[in-house]
Structures are given as structure tokens and as C-alpha cells.
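Observations on the model geometry
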Amino acid sequence: MVEAILIDLFSLPTNLQNNIQGLLQNTLETIEKFSSIYAPCVYVMCCQRQGSERKGEQEFLLPGLRGFQSLKRKLEVVCAQTTAAALYTIKQRLDEKDLSIIKVILPTLRKDLMKVYIDHLFTAVYQFEFEDLQVVSDYENLQISEHQLERQMLPSRDMELIRSEIQVYLESLPSLKGELTILKSSLIPDDIFLHGFTTRTGGISYIPTLSSCNLFSSSKRRDPQAVVKENLRRLANAAGFNPEAFHRVKVDHANAVYIMGKTEPDNYDGIVTNQKGVTLAAPGADCIPVLFADPVRRACGAAHSGWKGTLLGVSMATVNAMVSEYGCNLKDILVVLGPSVGPCCYKLPHESAKEFHRIDPKCVRLFDSASPYIDIRRATRILLERGGILPENIQDDSIPDQNLNITFCTACHPDKFYSHFRDGINFGTQIGFISIKD
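Naming follows an unreviewed UniProt entry, where the protein chain appears as Purine nucleoside phosphorylase LACC1 of Thryothorus ludovicianus. Recorded under Subunit (unreviewed entry), the UniProt text for the protein chain is reproduced unchanged: "Interacts with FASN. Interacts with SDHA. Interacts with ATF6, EIF2AK3 and ERN1." Word for word, the UniProt comment on the protein chain under Sequence similarities (unreviewed entry) is "Belongs to the purine nucleoside phosphorylase YfiH/LACC1 family."

Now for the nonpolar core. Counting residues in each nonpolar core, the largest one holds 41 residues, and the members touching the most others are Leu87, Val104 and Leu170. Residue contributions to this core peak at seven residues, all from helix α4 (residues 83-96). Residues lining this core come from more than one domain, with at least three contributed by each of domain 1 (4-135 + 162-171) and domain 2 (176-436). In contact with Leu87, not counting residues within four places along its chain, are Leu6, Met45, Met114, Tyr117, Ile118, Leu121 and Phe122.

Moving on: the sheet that holds strand β3 (residues 75-80). Strand order in the open sheet made by the five strands is β3-β2-β1-β4-β5, with parallel pairing throughout. A strand with exactly one partner marks an edge of an open sheet, and here the two such strands are β3 and β5 (127-132). Pairs of neighbouring strands in the sheet enclose a mean axial angle of 20°, with direction left out of account. In this structure, strand β2 (residues 41-47) lies alongside β3, joined through six bridges in parallel fashion. Bridge pairing in β3 links Cys46 to Cys79. Running at roughly 165° to β2, α4 makes contact with β1 (4-8), β2, β3 and β4 (101-106) of the sheet. Strands β1, β2, β4 and β5 of the sheet are contacted by helix α5 (residues 111-121), whose axis makes an angle of about 165° with β5.

As a packed pair, α4 and α5 sit with axes 11 Å apart at the nearest point and diverge in direction by 55°. In terms of orientation, α4 and α5 fall into the oblique class. As α4 packs across α5, the resulting crossing turns out to be right-handed. Where α4 approaches α5, its residues Thr83, Ala84, Leu87, Tyr88 and Lys91 are matched on the opposing element by Met114, Tyr117, Ile118 and Leu121.

On to empty space enclosed by the protein, then. Take a probe with the size of a water molecule and roll it over the atoms, and the empty space left behind shows itself. Applying the stated rule across the entire model yields two cavities of 30 Å³ or more. Quantified by volume, the largest cavity comes out at close to 50 Å³. Along the walls of the largest cavity sit Ser305, Gly309, Thr310, Gly313, Val314, Ser315, Met316, Thr380, Leu383 and Leu384, which together make up its complete lining. The residue inventory of the lining of the largest cavity, partitioned by class, reads four nonpolar, six polar and no charged. Approximately 40 Å³ is the volume found for the second largest cavity. What lines the second largest cavity is Ala4, Ile5, Leu6, Tyr43, Leu87, Ile90, Leu94, Ile102, Phe122 and Phe128. Counting residues per element, the ones that place at least two in the lining of the second largest cavity are β1 and α4.

Quick notes on the rules
Residues numbered from 1 in each chain as written. Predicted model: local features only at pLDDT ≥ 70, side-chain atom pairs only at ≥ 80, totals over all residues. Heavy atoms only, no water. UniProt positions renumbered as here; feature names shortened; annotations may be inferred. Core = buried A, V, L, I, M, F, W, Y, C linked by side-chain atoms within 4.5 Å. Buried < 20%, exposed > 50% of the residue type's maximum accessible area, 1.4 Å probe, protein only. Helix = DSSP H or I, 4+ residues; strand = E, 2+ residues; numbered from the N terminus. Domains from an automatic or database assignment. Contact = heavy atoms within 4.5 Å. Pairing = 2+ DSSP bridges. Axes fitted to C-alpha atoms, helices over the stretch in contact; angles between N-to-C directions. Parallel < 35°, antiparallel > 145°, perpendicular 65-115°, else oblique. Left-handed = near helix turned anticlockwise from the far one by under 90°. 1 Å grid on protein atoms, 1.4 Å probe; cavity = no way out; pocket = protein on both sides within 12 Å on 5 of 7 lines; lining within 4 Å. Points joined across faces, edges and corners; volume = space filled by probe spheres on them. Nonpolar A, V, L, I, M, F, W, Y, C, P; charged D, E, K, R; others polar.

Right, here's the structure in full:
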């Protein structure tokens, strides 16, 4: 069932301008007629002329919107100077109401353009169907059909103009939840490496569980790639790295490691390089973003270590890649564990907990329960030390000086960090990042 209807009047062809009120009224009458029991939200998208908040098509349309009693509480006119701004505003309204099934009623000439905007500003969470503004006249046209219209390719110049318009608009948005904050380790030398761990502040993601500096887009979440890209651009500006030379691991919850410059695997949880100016990153919400630095051989790495990756030894696999590829000495490698879910909050089923108990009984609390508490950080440290990393070269939550602690529990600090464990499927993601300075 259609949850929302978007009527696009942003840029009607010249031959329809004089009949705009009639077209809108006919469309709304059809919606109202067949929505007496369930009234969808209706958004009318139109152009706001520069220099006035009240001029343009909105002023012309308002008289035609009166009289639709069943729709009036769910009818909103959204005016903006660009399609990107209007559509993003409507996306915010949809997300506030948790709506996902949208019927778009628009002029035929706008259809291919609108699909490009939607591809950039929405994810697979949303379902869109399209109808011609000129032929909407009965109930059948307001139902979700089984087949979408065939996509036609726009000229590359038009595609680039749309991407640029979206980028300019997103760059203009204010940061949310305060200034962008980066946590840095005292263990990694600043004169050789640029590094840090992000928090959730200073981005533009507005959905509560993703707000505000979400750095990962997924087909299962509501934050599109364009927003994540803007968050990354702001992070890069603040941290001082080039977002075009940014490489994030392709998470598989395993132990494969990508050596920069060689064939890139389809999925991997570790990545290493000795190239200057290339920024490596590992995501984490509850999983550990782990950073590796060798100031002697000037090599670095990043790894994503969830409970599965921890058991599979992804951190030592990353260390071993640095040793074999760049001649690093185990005694020189520094390892920092970033914000992640702590043993205070994280539980696993008993069968999985057994694997951590085998590493060290201290990695498990309440072992005899159905869901024991697990310390994946302690397990990571133990496996690193067994692999030859010096204890003093590992920074985690076990360091005595809490003023130097950056391995916070993500689940315990909702104001600072994202957490899948705490927030559910629509969770945000922070990252750990590192590069070798030029």
C-alpha cells in the first residue's frame, strides 16, 4: 500500500504551466476519492524563486489546495530553489514518519531526471513507483504496480549536473550534534602518521540512530551514499587527509588482508600500505577498529575486528602482512584499539562464548549463563601478545591512565558513539583511520 505520494511540479513543461492548478486539483481529488479509509501523506514539490520565501509556484498553488479535508493534515507543499533541496526535505519528512513506499506523480519529461536524484538521495529501503501527471485519473494509477518503467539513460553531462547540485546542497547544510570530534592515540607518533577515531558528532546525517557523522552507507539503512560522502569530506577537511585517496576495508567478518598495490579481494577485514598520503580505514559500531603503525619501516594498517574476526585472528593477520610485505619487526609495530562495545555490555550465546573462554577464561564473564559477557578487546590483546607484539605497544582500555583511554564502550556512550548492539539495524558507523604523512 502506498504510504506517501510525491507530486512533482518543480519544473513543468511550458505548455502545462497555465493548467497547473487544474492538474493538481484533479490529482488531489483522485487521491482523496480513493483514500477515505487510509489517507497517504501527500507532498507537493515546487520551485521557490530566489529572493523570496513566498513567491513562485507555491503562492500560485495555495488557493488550489483548499478544500481537501481528508488530506489536509497529511498534505504539505515543499518549495526550494533546487530539486535536490526539495527532495531532501521530503526525504526528511518520510524518515520522520518511517515511510518507505512512495508513489511519484510527475511530468513524463522529469521521470528520468527524478530517478537519478532518487538513486543518489535514497537507498534500497525505499520503494518508488512513477505515474504520469497528465494521466492520473483513477484508483488504479495510485496502486503499486509490479513492474517499474524502463530506465532510460541520461546524457553524462546531465548526470554530472545532478551530482554537482546534490553535492553543493549537502555541503551547505549545517553540522549536527556539535563540532566534528576526532580521538587520537598517544601511542602513534604524530610526526610520521596521521590518524584518529571518529565520534558521531559534526556530520549531516539526521536520522536519530545515524546522527550525525555516519560514515557507512548500506542498502538496509536510510542514509544514502551521498550523505556519507559529505560526512567523509568534512572529516577529511578536519583531519587533513585526501578523501579521494581513502580506502575502507570491505567487511566480511573474517581475516583476509588487502595489501595496497596488489589485487584487491572482493572482501577483506584488514588493509596495509607503505604508500604515503593513502588513508586506510576500518569501520566500527561495536566491532573494534584497530590501527597499526610501524614508525621504523614507515608502514601502517587498519582492521575491522568483530567477534568472528577476533576469533579468526584478523589483527595478527594484519600484523603478519606488514611483516611479510614491508619487512616490519614485530617489536616495532604499534597497535591501537578504538571505541567498541565493552565487556560491560556485550553478550554472545554460550556456544560462541566457549571460543573466547578457550583463549582465556578472563575473556568471559558469567560463563555458565545462556548469554555470557564477552571481552573481545582482551581477546585481541592476548592474541597480539602471543603473536609477538610487545604489551606496551598495545593501547586499549587496560591502560592505567584513563585520561589516555580512547577505547570507550560504544554501547555505554550514546552521545559519542554509534552502537549496533544498542540501536538496532538502522545503526550508524564510526571509523578508525591512518595514513603515512608526506
